[in-house]
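Chains, contacts and geometry: an overview
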Amino acid sequence: MDMDYSSIAPFLPAFAEGAWITVKLSALSLIIGLMLGIIGGLCKISKSRLLRNLAFVYTWIFRGTPLLVQLFILYFGLPQLGIRLEPFEAGILGLALNTGAYSTEIVRSGIQAVDKGQMEAALSLGMTRTIAMIRIIGPQAGKIMIPPLVNQFIMTIKNSSMTSLLTITDLFRTGETVITTTFRSFEVYTVVALVYLIINTLLMVLAYRLEKGLSVHDRA
């Protein structure tokens, strides 16, 4: 069978809508996941044994089990306990918790990569640990964390295709629907892959500009 992209042209609006749902789902998951990662990373380096243990258990569970299983527990398993989530809610929660677990380790390693002398110097100047973390340690750690966080965010965007199994009409599920109508698997999947590539490329460009901007600011 020859390739025929014209047969899927009428479905371009559906692809655009599916891409928007994917972007919205991923963006919300990334925001929540980053917040969880910052909290988890700070807990990992906390002096409180309880907080360190809680952060350890969180990352151990969500890094040690497949994302698909986590999504299925949230959407199909929780109703057995009387907790029902909408597909979009389960998708965001699952992606956010998974992203947060990996981001926790990135934040922890980024903070610990900053020389300990920086904190000691800040404390000797009369700063509190909180102020020193915000003004001295945080900016330095942030630059270190950008590349691995971007890699994790890209992975989250790609993993968002798994939420199609929760009946979310994202980009991937839209493609599956179009295939059932057109029977043009190759054309549809290449279009879906191209859209994911565009989304992730935009993210990489934004991250590059952010990293470059921070470098220019430091030199100034």
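Residues numbered from 1 in each chain as written. Predicted model: local features only at pLDDT ≥ 70, side-chain atom pairs only at ≥ 80, totals over all residues. Heavy atoms only, no water.

Side note on the overall build of the chain
Quick note on the threshold: Runs of H or I in DSSP of at least four residues are treated as helices and runs of E of at least two as strands, each being numbered from the N terminus. Accessible area is worked out with a 1.4 Å probe on protein chains only. A residue is then buried under 20% of its type maximum, exposed over 50%, and partly exposed in between. Should any heavy atoms of two residues lie within 4.5 Å, those residues are considered in contact.
When helices and strands are counted, the chain shows 8 helices and 0 strands. Along its sequence from the N terminus, the chain presents helices and strands in the succession α-α-α-α-α-α-α-α. With the C-alpha coordinates of the chain rotated into their principal frame, the extents come out at 70 × 50 × 20 Å. When the 220 residues of the chain are sorted by exposure, 39% land in the buried category. In the chain, the proportion of contacts linking residues at least 24 apart, taken out of those at least 6 apart, comes to 76%.

A few points about the side chain of Thr99
Here is the rule: A 3.5 Å cut-off defines polar contacts: any pair of N or O atoms within that distance qualifies, except that in protein one atom must be a possible hydrogen donor and the other a possible acceptor, and neighbouring residues in sequence count only when both atoms are side-chain atoms.
Residue placement: Thr99 occurs in helix H4 (residues 87–113). Accessibility expressed as a relative area gives 1% for Thr99, which makes it buried. Of note is the side chain of Thr99, whose polar atom sits 2.8 Å from the backbone oxygen of Leu95. A distance of 2.7 Å separates a polar atom in the side chain of Thr99 from a polar atom in the side chain of Thr156. Look past the residues within four positions of Thr99 in its chain and what remains in contact with it is Leu30, Gly33, Gln152, Phe153 and Thr156.

Here we look at the packing of aromatic side chains
Rules: Note on aromatic pairs: the rings of Phe, Tyr and Trp (six-membered ring only in Trp) are paired at centre separations within 6.5 Å, and the planes decide the class, stacked below 30 degrees, edge-to-face beyond 60, tilted for the rest.
Counting across every chain of the model gives 4 aromatic pairs. Between Phe72 and Phe76 the ring centres are 5.0 Å apart and the planes differ by 70°, which places this aromatic pair in the edge-to-face class. With Phe72 and Phe76 both in helix H3 (residues 67–77) and 4 residues apart, this pair spans about one turn of that helix. Exposure remark for Phe72: the relative accessible area of 34% places this residue in the partly exposed category. Since its relative accessible area comes to 47%, Phe76 is described here as partly exposed.

Some details on helix H6 (residues 129–159)
Put simply, the test is: One less than the residue count of a helix, multiplied by 1.5 Å, gives the span that helix is expected to have. Two axes enter the definition of the bend at a residue: one is fitted to the seven residues ending there, the other to the seven starting there, and the bend is the angle between them.
Under the 1.5 Å per step criterion, the end-to-end length of H6 is only 37 Å for 31 residues, more than 12% shorter than the ideal 45 Å. Along H6, the sharpest change in direction is near 50° and occurs at Ile137; proline Pro139 comes one to four residues later.

Considering a nonpolar patch on the surface
Quick reminder of the rule: Each patch is built from salt-bridge-free residues with over 30% relative accessible area, joining like charges within 9 Å and nonpolar side chains (Val, Leu, Ile, Met, Phe, Trp, Tyr) within 5 Å. Under the convention used here, a 1.4 Å probe and the Shrake-Rupley method define accessible areas, while residue burial counts only the protein chains that appear. Here a salt bridge means any side-chain nitrogen of Lys or Arg lying within 4 Å of a carboxyl oxygen belonging to Asp or Glu.
Judged by side-chain polarity, Phe56, Val57, Trp60 and Ile61 come together as a nonpolar surface patch covering roughly 410 Å² of accessible area. Structurally, Val57 is set in helix H2 (residues 49–64). A relative accessible area of 36% means that Val57 is categorised as partly exposed.

Observations concerning the nonpolar core
Here is the rule: As used in this record, nonpolar core signifies buried Ala, Val, Leu, Ile, Met, Phe, Trp, Tyr and Cys residues forming a set joined through side-chain atoms within 4.5 Å.
Of all hydrophobic cores here, the largest spans 31 residues; its most connected members are Phe15, Met145, Ile157, Leu171, Val188, Val192 and Val195. Mapped onto this core, the elements with two or more residues apiece are helix H1 (12–44), H4, helix H5 (116–124), H6, helix H7 (171–182) and helix H8 (185–219). Broken down by element, this core gets its largest block of residues, 10 residues, from H6. Leave out the neighbours within four places in its chain, and Val192 touches Phe15, Leu171, Phe172 and Gly175.

Comments concerning the layout of surface pockets
Rules: The pocket and cavity definitions rest on a 1 Å grid over protein atoms only: a 1.4 Å probe that fits but cannot leave marks a cavity, an open set with protein on both sides within 12 Å along at least five of seven lines marks a pocket, and residues lining either have an atom within 4 Å of a point. Grid points are joined across faces, edges and corners, and a volume is the space filled by probe spheres set on the points. Here the term charged refers only to Asp, Glu, Lys and Arg, the term nonpolar to Ala, Val, Leu, Ile, Met, Phe, Trp, Tyr, Cys and Pro, and the term polar to all other amino acids, Gly among them.
Roughly 450 Å³ of internal volume is contained in the second largest pocket. Those elements that place two or more of their residues in the lining of the second largest pocket are H4, H5 and H6. Among the residues making up the lining of the second largest pocket, the classes are represented as 7 nonpolar, 3 polar and 5 charged.

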